[in-house]
Each structure stands twice: as C-alpha cells, then as structure tokens.
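Structural overview for review
Here is what each chain is made of, one letter per residue.
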Amino acid sequence: MLGVSALVSMAVGLPSPCGATVAPHTLVSQVTCATPYVPMYHVDGLSQLRRWSNSSPATGGGSWTQQQIGTGWGTLTVFSGGSGTLFAVDSQGNLRWYQDGGFGGTGGAAWGSGTGSIVGTGWGGFTTLTSGGQGVVYGIDASGNLRWYRYLGTNGSASWASGSGAVIGSGWSGLKLIASGAGTLYAVNSSGALYWYRHLDPTGGSASWANNGSGQQVGTGWTFTATGSMGGGVLLGRDSAGGLWWYRHTDPLGGAATWANSGIAISQGVGWAPVAVLADVAGCVAS
C-alpha cells in the first residue's frame, strides 16, 4: 500500500518559518529553471485570474511581478499543468483545459487556441488534483486511491493516454499532495510531516515506485494552508497569516533529506492570503 501506512520514520526535520534544524545541506541534484520567469497563478476575491511571475525560483531571491489575465474564474477549481497549461473543474464536474500563451513573461492575457474546452467529465469527485507536467495528472479519489491520467490533446481536444484513470496507489486519504515533476510527489500528513515519493513511470502510468513505494520523511512542520511546487524540488508554502515561503529540496530524484539554504525558509513576502499556490510545475527541472 502506498500512503500513510507506508511512511517511514526519520529524525530529520525541515523548519517552518519559525525555525528548527535540518540535516546539513548536500547538493544532490542540479536544478535548471526556465528564463526569464516562472509563473504562479491564483484566483482573487473578484474571481479574476492573476499570474505572478518570478525571476529566480532556483534561489528564492527573485522578484515577483503580477498581471490580471482572466475574469469569471471564481466557480472553478484550478490546478496548474505546467508550461502555462491550466486545468479547471467546473461546477458540473467537467474538466476544462486552458493555455496561457504568455506564461514565460510579464504581459497580459494571451490565451491559446481551444482555451476553455471541456476535455473530460466526471472530475468532481476527487479530493485532490495535481499535475506533474507533460500532461500527467494525479488525483486522489473519495476512497483514497491515487489515480493516474495523461492528457495528450492539443488545442483543447479531448485526447487521453491509454490507461488513464488507473489506480497506482491506495491509502492516500487525508494527505496534501504536491507534484514536483519527473514523477516526484510530496505528501503532507495531518501532523505536518513531509514525505517524498517518486513514481517511476509518470508518462506511462504503471504502478512503479522508487523505494518500493514507501515514503521517505524529508521534513516536519509543514502546517501550511496552501502548498505548491515550481518543479525540480522548488517548494512554496503559504502560512495562515498570508506569508509565502520558499524552500528547495536538493534531492527530488533520490529522496535524501537535503535542502538548499540549510533548510531555512526564504520569505516571498506577505499578503498572500487567501491565495492558492498554483505554481507552474514545469518551471524548474532537476537532473
């Protein structure tokens, strides 16, 4: 079983912004991020979609620039698919596809052909939906099963890989799921412990996992109200006061509990409540 019952115990902790200790930083993976900007999206209190562009996600020291790029998004459950792709579940359970043509810059709305098209139905029953990039979508259903899908369409066509919908794990109920590209998944349990998993066949969908499917604990104190990843182990957490914090797990491919900046969070500012952390998961790549 994948999930809570498979989690292994480790004594290494990742600090929340108020601090704790972690293992000494060891650079295990290199990370390369898209230039000049990697986006993060959110729907504001006026149902407007906003794109926040970050100039240096690999270091946590970059600046943010934001633009309003859409209206009428308040009734949608949105998640980022990477490379400017957005998926959204509407009130009828339809899955809609969007492509932000300006995702790598700081300009206004520039939507691709087919944006808003329905690419699937019956998506309203998932407790969690996230994307690992390359069209890969992971969903936790009401029974706690982890299901795999891969969208193959272009311009909003409803085309999916064979085997889409397959159960690739169980026991995932109650976990916050963060995808970080290349099959890397992080799960946060109710106690705020952060666990690493790696799905070894993200583009094919077979139930093949690193570490025999057991999660490796890589942090504690992850009691954030919203989380996300820009890919390559770059993680963001929003606290209850509206502060946004940057971390970079330096071994997203292997699962060692090693962190950039000695695991100390870098502030990305305040006033982010109640912003969802819909970071572009394809923005950074580990190698």
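Taken across its five residues, strand β19 (residues 244–248) has five buried, putting it largely inside the fold. Side chains L244, W246 and R248 of β19 all project onto a buried face; the interleaved residues W245 and Y247 project onto the opposite face, where all are buried too. The hairpin turn running from strand β18 (residues 234–238) into β19, its antiparallel successor, is five residues long, and G242 in that turn takes a positive phi close to 90°. Judged from the two bridges that link them, β19 and strand β20 (residues 266–267) form a sheet pairing that is antiparallel.

Quick look at the sheet that holds strand β12 (residues 166–169) now. The antiparallel open sheet is built from four strands, whose spatial order is β9-β10-β11-β12. Lying at the two open borders of the sheet, with one neighbouring strand each, are β9 (128–133) and β12. Averaged over all neighbouring strand pairs, the angle between strand axes comes to 35°, with direction disregarded. Where strand β10 (residues 136–140) meets strand β11 (residues 146–150), five bridges bridge the pair, whose relative direction is antiparallel. Within β11, the position partnered with V137 by the bridge is Y149.

This next bit is on the pattern of salt bridges. Considering all chains together, one arrives at four salt bridges under this definition. Across the salt bridge formed by D100 and R51, the nearest N and O atoms sit 2.8 Å from each other. Of the two residues, D100 is situated in the loop between β7 (95–99) and β8 (117–120) and R51 in strand β3 (residues 49–54); the sequence distance between them amounts to 49 residues. Assessed through its relative accessible area of 0%, R51 is described here as buried. Measuring nitrogen to oxygen at the nearest pair gives 2.8 Å for the salt bridge that ties R147 to D141. Take R147: its relative accessible area is 24%, and that puts it in the partly exposed class. Using a relative accessible area of 11% as the deciding quantity, one classes D141 as buried.

A few words now on the nonpolar core. Core analysis: the largest hydrophobic core is formed by 18 residues, its most contacted members being M40, W64, M230, L236, L244, W272 and V277. Of all the secondary-structure elements, those providing two or more residues to this core are β1 (31–33), β2 (38–43), β17 (226–231), β18 and β19. Core analysis: the second largest hydrophobic core is formed by 17 residues, I168, W172, L185 and Y195 among them.

Further remarks concern the packing of aromatic side chains. For the structure on display, the rule yields 20 aromatic pairs. Ring-pair connections join several aromatic residues into one group, and the members of that group are F79, F87, W123, F126, Y149, Y151 and W160.

Adjacent strands of a sheet pair through backbone hydrogen bonds, lying either parallel or antiparallel. The strand order across the open sheet built from four strands is β17-β18-β19-β20, with neighbouring strands paired in antiparallel fashion. Pairing within the sheet leaves two strands with one partner each, and these edge strands are β17 and β20. Across five bridges, the pairing between β17 and β18 is antiparallel. Note on β18: the bridge partner recorded for G231 is V234.

Position of S170 among the secondary structure elements: in the loop between β12 and β13 (176–179). In this structure, the C-alpha to C-alpha distance between S170 and A260, residues 90 residues apart in sequence, is 31 Å.

Glancing now at the confidence of the model for the protein. The predicted model of the protein has a mean per-residue pLDDT of 90, with 91% of residues at 70 or higher. Within the model, the stretch residues 1–26 combines pLDDT values under 50 with 76 contacts to residues more than four positions away or in other chains.

A few words now on unusual backbone geometry. Of the consecutive residues T35 and P36, the connecting peptide bond is found in the cis state with omega at 0°. As for its position among the elements, P36 is in the loop between β1 and β2. Residue P274 follows A273 across a cis peptide bond; omega there is -5°. With respect to the secondary-structure elements, P274 resides in the loop between β20 and β21 (278–279). Phi at N261 is positive, roughly 55°, even though this residue is not glycine. Position of N261 relative to the elements: it lies in the loop between β19 and β20. The backbone phi angle of S262 is positive, close to 55°, even though this residue is not glycine. In this structure, S262 sits in the loop between β19 and β20.

Conventions and cut-offs
Residues numbered from 1 in each chain as written. Predicted model: local features only at pLDDT ≥ 70, side-chain atom pairs only at ≥ 80, totals over all residues. Heavy atoms only, no water. Buried < 20%, exposed > 50% of the residue type's maximum accessible area, 1.4 Å probe, protein only. Helix = DSSP H or I, 4+ residues; strand = E, 2+ residues; numbered from the N terminus. Pairing = 2+ DSSP bridges. Axes fitted to C-alpha atoms, helices over the stretch in contact; angles between N-to-C directions. Salt bridge = Lys/Arg side-chain N within 4 Å of Asp/Glu carboxyl O. Core = buried A, V, L, I, M, F, W, Y, C linked by side-chain atoms within 4.5 Å. Phe/Tyr/Trp six-rings, centres within 6.5 Å; stacked < 30°, edge-to-face > 60°. pLDDT = per-residue confidence, 0-100. Contact = heavy atoms within 4.5 Å.

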